[in-house]
Amino acid sequence: MAPVSMPPTTEARAVFRELGYTVDDGGSEFVAERKWRRVLVTPVCADDATDPEPYLADGGETPRLRCFVTWRRAATDLREHLLRLKPPFDWAVIGVDDDGEFDVMQGRPGSP
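A few points on the structure. On a predicted model such as this, the values are computed, not experimentally measured, just so you know.

## Describing the pairing of strand β6 (residues 102-105)
So, step 1. Of the strand pairs in this sheet, strand β5 (residues 90-96) and β6 are connected by 4 bridges, and their pairing is antiparallel. Of the residues in β6, the one forming a bridge with Ile94 is Val104.
So, step 2. If you look at the hairpin formed by β5 and β6, you'll find 5 residues sitting between the two strands, and Gly100 has a positive phi there, around 95°.

Have a look at this one:
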């Protein structure tokens, strides 16, 4: 079992590749692209799922689509905190297990 204090970066890349996206290989945070979609993917460790505000910084350019990937047991907490924070972009949360299983959770209400 992977340590929940580590962000699931490898698992996040595997999920997006499985979904047919191309992903870049640099750093923990990465961009996944497929057709017209360009998604900024941010792996979040379970310990940080209850305080995702530091992960909302975008370096000055707010992406249109964001996905936050965390360990499955922390995904609901992360989604609830993001709903409360109301970031100004379309987003989703993916909960992953270290065995490759994942759940996609609805993001911002009204987002595609």
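## Examining helix α1 (residues 9-18)
Owing to its 3.6 residues per turn, the α-helix brings residues three or four apart onto one side.
So, step 1. Within α1, burial applies to Thr9, Glu11, Ala12, Arg13, Val15 and Phe16.
So, step 2. Residues of α1 that are buried make contact with β1 (22-23), β2 (30-34), β3 (37-43), β4 (65-71), β5 and β6.
So, step 3. Gly20, located one to two residues past α1, shows a positive phi value of around 90°.

## Here we look at the packing of aromatic side chains
So, step 1. One pass over the structure, following the stated rule, counts 2 aromatic pairs.
So, step 2. Judged by centre distance (5.2 Å) and plane angle (75°), the ring pair of Phe16 and Tyr21 falls under edge-to-face.
So, step 3. Exposure remark for Tyr21: the relative accessible area of 12% places this residue in the buried category.
So, step 4. Taking 6.3 Å as the distance between ring centres and 85° as the angle between the ring planes, the aromatic pair formed by Phe16 and Phe30 counts as edge-to-face. Of this pair, Phe16 sits in helix α1 while Phe30 sits in strand β2; the two residues are 14 residues apart in sequence, bridging distant segments of the chain.
So, step 5. The ring of Tyr21 is capped by Arg34, whose NZ or CZ atom sits 5.9 Å from the centre of that ring.

Each value, and the rule that gives it
Residues numbered from 1 in each chain as written. Predicted model: local features only at pLDDT ≥ 70, side-chain atom pairs only at ≥ 80, totals over all residues. Heavy atoms only, no water. Pairing = 2+ DSSP bridges. Helix = DSSP H or I, 4+ residues; strand = E, 2+ residues; numbered from the N terminus. Buried < 20%, exposed > 50% of the residue type's maximum accessible area, 1.4 Å probe, protein only. Contact = heavy atoms within 4.5 Å. Phe/Tyr/Trp six-rings, centres within 6.5 Å; stacked < 30°, edge-to-face > 60°. Lys NZ or Arg CZ within 6 Å of the ring centre and 35° of its normal.

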